[in-house]
Each structure stands twice: as structure tokens, then as C-alpha cells.
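# Structure at a glance
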Amino acid sequence: MKFTIAKKIFIGLTTVAMTAGIVLGQATTKRNAADKDDPVRSGLIDLEKQSWAAWQKRDGKFFSHFLADDHVELGPGGPTGKTAIVNFVGSPACVVKSYSVDSFKVTIFNPSTALVTYHAVQDTTCGGKPVPSPVWINSLFVKRDNVWVNAAYQQTPENK
């Protein structure tokens, strides 16, 4: 199956839809006890939750700072980079009605590399089609110039 750039962006950004944030009354979160007591871990989880709020608000500007310049998002259509994601998030292509994120776990590999894994459920459509839900998410962060940025993202549909 051949994927056009628009399809790659669509698929990649449905993946972003699964990436992080909390909106008042619409998202629920659970954290591992170790994560909430560690400022690095809790800060990374908070960044993920902020990205979900930005996704729902179509805030591409947030993603321009949240994503590393060399960010790679891997979805069914293949890899997608930062510029395409920022543009897609800021477009009216998707409608996020509601979502919830939970079961956060943060694995710190070294002082500048950490992986956030979690579960997400959402009621989102892109181009009138439902986004896969629920999913498990990997979101890789790197610390650059003393700031954590998202370098890689991938989601896997949950077996029901």
C-alpha cells in the first residue's frame, strides 16, 4: 500500500493524539508511586499531559517547542518528522472530543534520556475517521540545553 505524505501526516498525528495532556474534567491520570515523588519523572509526565491538552486545542505552537528538531514519530504510514506534525496539529483536520491517560511509568536511562510509557483512550476523529483507541504509548525524551524535549513517539493499539 502506497502512502502519500498527507496520509503519513494524518497517521502520524493520530499518533500525536495519543501523546499526553490533561483537560479539566476530561482526563484521568494514574501514576506509579515512584513517578509522583521524583521531580524529573513527574515533570515528564506533566509534559505528556500538556501535549494532550495542546493536541485537543490544535496548538501547533506548543508542539514546535515540545518536539525535538530531529523528532521522529512512527505510525502505520512510516516515520513522520517535527515540521509535518506541528503543521498537522495546528490544522482543523482532527477533532478531539475527549481523552484519558493513565498508567504512567518513567524509565530514566541516564541524566539526559528518559522513556515515558502509558495508556491512552480518546474519542477523536481525523478526516471524519476515528483514531485508534485505546493504545499504549512510548514517548522518548532527551534533555538538550537543559530542557526536556520529545525525540521519538510510537503507539501500539491495545488488544481488547
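Here's a quick rundown of the structure. (Residues numbered from 1 in each chain as written. Predicted model: local features only at pLDDT ≥ 70, side-chain atom pairs only at ≥ 80, totals over all residues. Heavy atoms only, no water.)

The subject of this paragraph is the side chain of E73. Along the polypeptide, E73 turns up in strand β1 (residues 67-75). Salt bridges are absent for the buried E73, whose nearest opposite-charge side chain, K82, sits at 12 Å. (Helix = DSSP H or I, 4+ residues; strand = E, 2+ residues; numbered from the N terminus. Buried < 20%, exposed > 50% of the residue type's maximum accessible area, 1.4 Å probe, protein only. Lys, Arg positive; Asp, Glu negative; His and termini not counted. Salt bridge = Lys/Arg side-chain N within 4 Å of Asp/Glu carboxyl O.)

Take the pairing of strand β2 (residues 78-81) next. In summary, the side chains of a regular strand alternate between the two faces of the sheet. Inspection of the sheet shows β1 paired to β2 by four bridges, in the antiparallel sense. In the strand pairing of β2, E73 is matched with T80. (Pairing = 2+ DSSP bridges.)

Here the focus is the nonpolar core. Residues W52, W55, F63 and Y118 are the most contacted members of the largest nonpolar core, which totals 31 residues. Of all the elements in the fold, those that place two or more residues in this core are α3 (39-57), α4 (60-66), α5 (82-89), β3 (94-110), β4 (113-126), β6 (135-144) and β7 (147-157). (Core = buried A, V, L, I, M, F, W, Y, C linked by side-chain atoms within 4.5 Å.)

A complete count under the given rule lists one disulfide for this structure. Disulfide pairing places C94 opposite C126 at an S-S distance of 1.9 Å. Disulfide C94-C126: the torsion about the S-S bond is 115 degrees, which places it as right-handed. Of this pair, C94 sits in strand β3 while C126 sits in strand β4, placing them 32 residues apart in sequence. Exposure remark for C94: the relative accessible area of 7% places this residue in the buried category. (Disulfide = S-S within 2.5 Å.)

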